[in-house]
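Architecture at a glance
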Amino acid sequence: NDIKERHSKVCQSVLATFSAFVEWVPIQHIMANDHYLVKCLCHLLSDEQLQLHAAECLLGILGKTFSVNWIVKDFFLNNNKLHDFTSLDSKKVDK
């Protein structure tokens, strides 16, 4: 249990660091390898200790990639599931 707690703290630190730098990372790197990073972050939403940090990273990615109007109107209000985000082409979305 102590090892799990230490691993969780390391993951939280990594996610907090990534969240701070996500605005500077080119979107091509974030979406590389079939959106692997985004899929990993979505998976971490199910972990109670990591979900807040993962959500902050995803919010940073959404904010970087899509307009606030699109995020609120089309993403959240239309009840799209978060994992559907990985199939979107940000170039086709109005910014």
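What counts and how
- Residues numbered from 1 in each chain as written.
- Predicted model: local features only at pLDDT ≥ 70, side-chain atom pairs only at ≥ 80, totals over all residues.
- Heavy atoms only, no water.
- Helix = DSSP H or I, 4+ residues; strand = E, 2+ residues; numbered from the N terminus.
- Buried < 20%, exposed > 50% of the residue type's maximum accessible area, 1.4 Å probe, protein only.
- Areas by Shrake-Rupley, 256 points an atom, 1.4 Å probe, with all protein chains shown as cover.
- Core = buried A, V, L, I, M, F, W, Y, C linked by side-chain atoms within 4.5 Å.
- Contact = heavy atoms within 4.5 Å.

Topic: the overall build of the protein
When you go through the protein residue by residue, the secondary structure sums to five helices and zero strands. For the protein, the sequential pattern of α-helices and β-strands runs α-α-α-α-α. By the burial criterion, 29% of the 95 residues in the protein qualify as buried. Working note: accessible area of the protein is about 6800 Å², and carbon and sulfur atoms make up 56% of it.

Some thoughts on unusual backbone geometry
Positioned with a positive phi, Asn33 is a non-glycine residue whose angle comes to about 55°. Mapped onto the fold, Asn33 is located in helix 3 (residues 32-44). The exposed category is assigned to Asn33, whose relative accessible area is 68%. Backbone geometry places Asp34, a non-glycine residue, at a positive phi of 60°. Here Asp34 is to be found in helix 3. The exposure class of Asp34 is exposed, given its relative accessible area of 56%.

A few points about the nonpolar core
Among the nonpolar cores identified, the biggest contains 13 residues, and Phe18, Ile30, Val38, Leu41 and Ile61 are the most heavily contacted of them. For this core, the elements supplying multiple residues, two or more each, are helix 1 (2-21), helix 3 and helix 4 (51-65). Take this core: its biggest share by element is four residues, from helix 4. Residue contacts for Leu41: discarding those within four places in its chain leaves Leu15, Phe18, Ala54, Cys57, Leu58 and Ile61.

Quick look at the environment of Cys42
Looking at the secondary structure, you find Cys42 in helix 3. Along the sequence, Cys42 and Leu58 sit 16 residues apart, while their C-alpha atoms lie 7.9 Å from each other.

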